[in-house]
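Fold and contact review
This is what each chain is made of:
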Amino acid sequence: MISKEEVRHIAGLARIGMDDQEIEKLAVELSAVLDWIDQLKEVDVEGVEPTAHITGMENRLREDKAGNFEDKKMIVKLFPENKDGYGKVKSIL
Amino acid sequence: MIRELHEKLISGEITAVQLTEEYFANIAQKDEEVFAYLTLTKKSALEQAKKVDEKIASGEKIGIMEGIPGAIKDNICVKGTRTTAASKILDNYVAPYDATVIERLKESGAIFLGKTNMDEFAMGSSTEKSAYGPTRNPADPERVPGGSSGGSAAAVAADEAVWALGTDTGGSIRQPASFCGVVGLKPTYGRVSRYGAIAMASSLDQIGPITKTVEDAAIVLSVISGEDKFDSTSAQSPAKDYTNYLTGEAKGLRIGVGKDYLKDLGPEVKTSIEKVIETYKKLGAEVKEIELPYSKYALPVYYIIMPCEVSSNLARFDGIKYGMRAFDHKNTKLGFKPEDRTLIETYLDSRKYGFGEEVKKRIMLGTYALSSGYYDAYYLRAQKVRTLIKQDFERVFEDVDLILTPTAPSPAFKFGEKTTDPVQMYLEDIFTITANIAGVPAISVPAKDKVSVDGKELPIGFQLMAKWFDEENMLRAAHAYEISFRSDAENKIK
């Protein structure tokens, strides 16, 4: 069972605004799913390697070289706010 | 179907423009009810078709996909086309580049009719979670088409597209294919580039075809598969023509059936699947009983790995870089101006109003499982059990070439039937999910015998899973089953 306080904390970490009603509902729903997931505890995983890549692919290296993106204007247009060909972001300080 | 249309295009029996217009006419006639499409791209489709016709007129040879109209799931980027993933947060998003699969399809000369409906960000098994309203099953409009690629499956089933692309993270290509009575193929993880597909769970996602026939699935897969420098997880294997493996024979193939897999099915679904097994025996396949003891944990493993990866992938939707910013959106009616909001408030509001309920729930679940102190208990443990599931498959594939299961526990269900209990909806994926967890290829093929529910004949699919990168045997077996019921079977065998 996870508490409303925990849900509120997680919502903050996930950067999702939530009202009390949503928090209350999620506390119930997330608890139900987590209880159901708990059946994994019965599996003996002693000495088992976790899967990193399912077909066993290892790191693939490439040259660290910038390429050209054709339609920069299309990207700039997608910013909710843009100015002089740049995306505008909120002040962070 | 694609081959027949290709021959008609070459012989001049039909032009590409006529063919494309025919499909738009079908859409105009049916899509008000079905609602398979979110966006139509008629102008560019007809322009493309005209080019193909000019090429044919000038005596140039055309490829198999050239002039063949299809549909693209709305979480795959098509440059210059609105791409929403059926989410309000991407309501105004116009893709600035083509996904690799789109680039390859464009090169092949295929025509795009439009973008199809889906569960928001591919999270769902019924298309009821689309922010734009549900798609209806062409076999029975009171029922869901399955999901999340419900729009793509419904479009193909209703003749609103010859072929379609879907994405499959836990069954999202195969389960709707089963519900709508069409073929759906999830390739081996890495067989098809994921570049340009809006990511849900990156270690599970694959793009694949939804088509009327197995041969069509092989044709589309041949175009879209192969290594891609923009997806470092794409497999280093050359593209190949999968139609070469459609011999029409299943003789000598060893097919594994898990006895537990059939245990809990309704009697009609069970009979339908048992008849499929009988057919394979008649075709000369060897049917063997197998056991995959860890498969029963695939679903809970999925509900840890998937939300964890979701919470990370969907962090990019922040109201800053693209998509909806809360105060820009007409439905939020927030009583303040954008310049008054801080950075953090912008994040919180944009995600609050931009995401639907199911999406938020999965982000929350993933954030919780990855939060400090829980990593070992959830994510790490799930990845270890994933290894055990994979080892199950490695062991079984020493004895068999293919594994046969139902695709879904039941035929299409009614709207609202499974929305109240989330775990009930999650159980929809019980047969399909192991293929994503283990990374193996899998295909859903319509069983010959439909299932009768409330006086309606509803389609149901069976699933074949194959070894990693053995789409060849999987397609061969699926094709052999499919053509075994055609009266002109011999003529259809290549």
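Anything mentioned here points back to the structure above.
A brief structural summary. What you see as residue numbers is a count from 1 along each chain, following the sequence as written. Chain A is the first chain written and ligand 1 is the first ligand written, with later ones labelled in order. In keeping with the model being predicted, local features are shown solely for residues with a pLDDT of at least 70 and side-chain atom pairs are shown and tallied solely at 80 or more, while totals for entire chains, interfaces and linings include all residues. Neither water nor hydrogens contribute to the side-chain values; these are computed over all heavy atoms in the structure.

Things to note about the overall build of chain A
Selection criterion: Helix and strand definitions here come from DSSP, where helices need a minimum of 4 consecutive H or I residues and strands a minimum of 2 consecutive E residues; each element is numbered from the N-terminal end. Each radius of gyration reported is based on C-alpha atoms, and the globular scaling rule is 2.2 Å times the count of residues to the power 0.38. All accessibility values rest on the Shrake-Rupley procedure with a 1.4 Å probe; residue burial counts only the protein chains present in the view. Lys and Arg are tallied as positive, Asp and Glu as negative. Neither His nor the chain termini are counted. Note on charges: their place is set at NZ of Lys, CZ of Arg, CG of Asp or CD of Glu.
Helix and strand content of chain A: three helices and two strands. Counting from the amino terminus, chain A carries its helices and strands in the arrangement α-α-α-β-β. A compact globule built from 93 residues would reach a C-alpha radius of gyration of about 12 Å, whereas chain A, at 22 Å, exceeds it by more than 25%. Each principal axis of the C-alpha distribution contributes one length, and for chain A these read about 55 × 45 × 25 Å. Of the accessible surface of chain A, which amounts to about 6,900 Å², a share of 50% is contributed by carbon and sulfur atoms. Averaging the coordinates of the 14 positive side-chain charges in chain A and doing the same for the 20 negative ones gives two points 14 Å apart.

Here's the deal with the environment of B:V445
All names here are of chain B. To keep things clear, this is the line we draw: Each residue gets one of three labels from its accessible area relative to the maximum for its type: buried under 20%, exposed over 50%, partly exposed in between, using a 1.4 Å probe on protein chains only. Any pair of residues with heavy atoms lying within 4.5 Å of one another is described as a contacting pair.
Within the secondary structure, V445 sits in strand β10 (residues 442-446). Overall, the relative accessible area of 1% leaves V445 in the buried class. A sequence separation of 39 residues divides V445 from P406, and the C-alpha atoms of the two residues are 9.7 Å apart. Discounting residues that sit within four places of it in the chain, V445 has contacts with V214, I460, G461, F462, A478 and Y481.

Considerations on a negative patch on the surface
Put simply, the rule reads: Residues forming no salt bridge and having over 30% relative accessible area are the ones grouped into patches, like charges within 9 Å of each other and nonpolar side chains (Val, Leu, Ile, Met, Phe, Trp, Tyr) within 5 Å. Salt bridges, as used here, are contacts in which a Lys or Arg side-chain nitrogen is within 4 Å of a carboxyl oxygen on Asp or Glu.
Residues B:D260, B:D264, B:E289 and B:E291 make up a contiguous surface patch of negative charge. On the secondary structure map, B:E291 appears in the loop between β8 (286-290) and α10 (298-313).

Overview of the packing of aromatic side chains
Condition: Only centres within 6.5 Å qualify two rings of Phe, Tyr or Trp (six-membered ring in Trp) as a pair; their planes then separate them into stacked at under 30 degrees, edge-to-face at over 60, and tilted for everything else.
A complete count under the given rule lists 23 aromatic pairs over all chains for this structure. With 6.5 Å between their ring centres and 75° between their planes, A:F69 and B:Y97 make a pair best called edge-to-face. A residue pair is termed interchain when its members come from two chains, as with A:F69 in the loop between α2 (20-37) and α3 (72-78) and B:Y97 in the loop between β2 (69-73) and α4 (100-108). What makes A:F69 partly exposed here is its relative accessible area of 27%. Classification of B:Y97 by relative accessible area gives partly exposed; the value is 23%. Ring geometry for B:Y294 against B:Y297: centres 6.4 Å apart, planes inclined by 40°, an arrangement best described as tilted.

Notes on the nonpolar core
One broad trend across soluble globular proteins is that nonpolar side chains are buried collectively. Residue and element names in this part refer to chain B. We count it as follows: Within this scheme, the nonpolar core is defined by two criteria: the residues are buried Ala, Val, Leu, Ile, Met, Phe, Trp, Tyr or Cys, and they are joined through side-chain atoms within 4.5 Å. Where each domain begins and ends is defined by an automated method or by a domain database.
Residues F121, W163, L165 and Y280 are the most contacted members of the largest nonpolar core, which totals 170 residues. Sort the elements by how many residues they give to this core and α10 lands first, with ten residues. Residue assignment places this core across two domains, with domain 1 (2-258 + 405-492) and domain 2 (302-382) each supplying three or more. Core analysis: the second largest hydrophobic core is formed by six residues, V144, A408, A412 and M425 among them.

Things to note about the layout of surface pockets
The test is simple: Both cavities and pockets are sets of points on a 1 Å grid over the protein atoms alone; in a cavity a 1.4 Å probe fits but cannot get out, in a pocket the set is open with protein on both sides within 12 Å along at least five of seven lines, and lining residues sit with an atom within 4 Å of a point. Grid points are joined across faces, edges and corners, and a volume is the space filled by probe spheres set on the points. Throughout, the ten residues Ala, Val, Leu, Ile, Met, Phe, Trp, Tyr, Cys and Pro are labelled nonpolar, Asp, Glu, Lys and Arg are labelled charged, and all others, Gly among them, are labelled polar.
One number sums up the size of the largest pocket: a volume of about 860 Å³. Broken down by class, the residue content of the lining of the largest pocket amounts to seven nonpolar, three polar and 13 charged.

Looking at the pattern of salt bridges
Applying the stated rule across the entire model yields 42 salt bridges over all chains. Close ionic contact of B:E66 with B:K55 constitutes a salt bridge, the shortest N to O distance being 2.7 Å. On the criterion of sequence distance, the pair formed by B:E66 in the loop between α3 (42-57) and β2 and B:K55 in helix α3 is long-range, its members being eleven residues apart. Overall, the relative accessible area of 10% leaves B:E66 in the buried class. If you follow the salt bridges from partner to partner, you end up with A:K25, A:E29, B:E357, B:E358, B:K361 and B:R362 in one network.

Let's talk about helix α7 (residues 214-224) of chain B
All names here are of chain B. Within α7, eleven of the eleven residues are buried, leaving the element largely enclosed by the surrounding structure. Buried within α7 we find V214, E215, D216, A217, A218, I219, V220, L221, S222, V223 and I224. Positive phi shows up at G226, right after α7, with a value of about 115°.

Re the sheet that holds strand β3 (residues 111-116) of chain B
Residue and element names in this part refer to chain B. Here is the rule: In short, DSSP must find at least two bridges between two strands for them to pair. A fitted line through C-alpha atoms represents every axis, and for helices the fit uses only the stretch in contact; the resulting angles, taken between N-to-C directions, go from 0 to 180 degrees.
Across the sheet, which stays open at both edges, the eleven strands sit in the order β1-β3-β2-β4-β6-β5-β10-β13-β9-β7-β8 with mixed pairing between neighbours. Across the chains shown, the open sheet's two edge strands, defined by having one partner strand only, are β1 (37-40) and β8. Within the sheet, the average angular offset between the axes of one strand and its neighbour, ignoring direction, is 25°. Across six bridges, the pairing between strand β4 (residues 163-168) and strand β6 (residues 206-211) is antiparallel. Its bridge partner being in β6, D168 is matched across the sheet by Q206. Taken strand by strand, α7 contacts β4, β5 (183-186), β6 and β10, and its axis lies near 145° from that of β6.

Concerning the interface of chain A and chain B
Frequently, the measure chosen for interface size is the accessible area removed from exposure when the parts meet. Let me state the cut-off plainly: Note: buried area is the sum, over both parts, of the accessible area (probe 1.4 Å) each one loses when the two are combined. Between N or O atoms, a polar contact is any pair within 3.5 Å; within protein, one atom must be a potential hydrogen donor and the other a potential acceptor, and residues adjacent in sequence are included only when both atoms are from side chains.
The partner chain B presents 71 residues to the 52 residues of chain A that form the contact. With both sides pooled, the region where chain A packs onto chain B buries about 5,300 Å², and carbon together with sulfur makes up 69% of that total. Three residues stand out in chain A for area buried against chain B, namely A:W36, A:I54 and A:K90, and they jointly supply 14% of the buried area on that side. Applying the counting criterion to the chain A and chain B interface returns nine salt bridges. Across the pair A:R60 and B:E227 runs a salt bridge, and its minimum N-O distance is 2.5 Å. Our enumeration of links across chain A and chain B arrives at 21 residue pairs in polar contact (both at pLDDT 80 or more). The set of elements that each furnish at least two residues to the side of chain A that touches chain B consists of α1 (4-13), α2 and α3 of chain A. Looking at the side of chain A that touches chain B element by element, the count peaks at nine residues for α2(A). When the residues that make up the side of chain A that touches chain B are grouped by side-chain class, the tally is 29 nonpolar, six polar and 17 charged.

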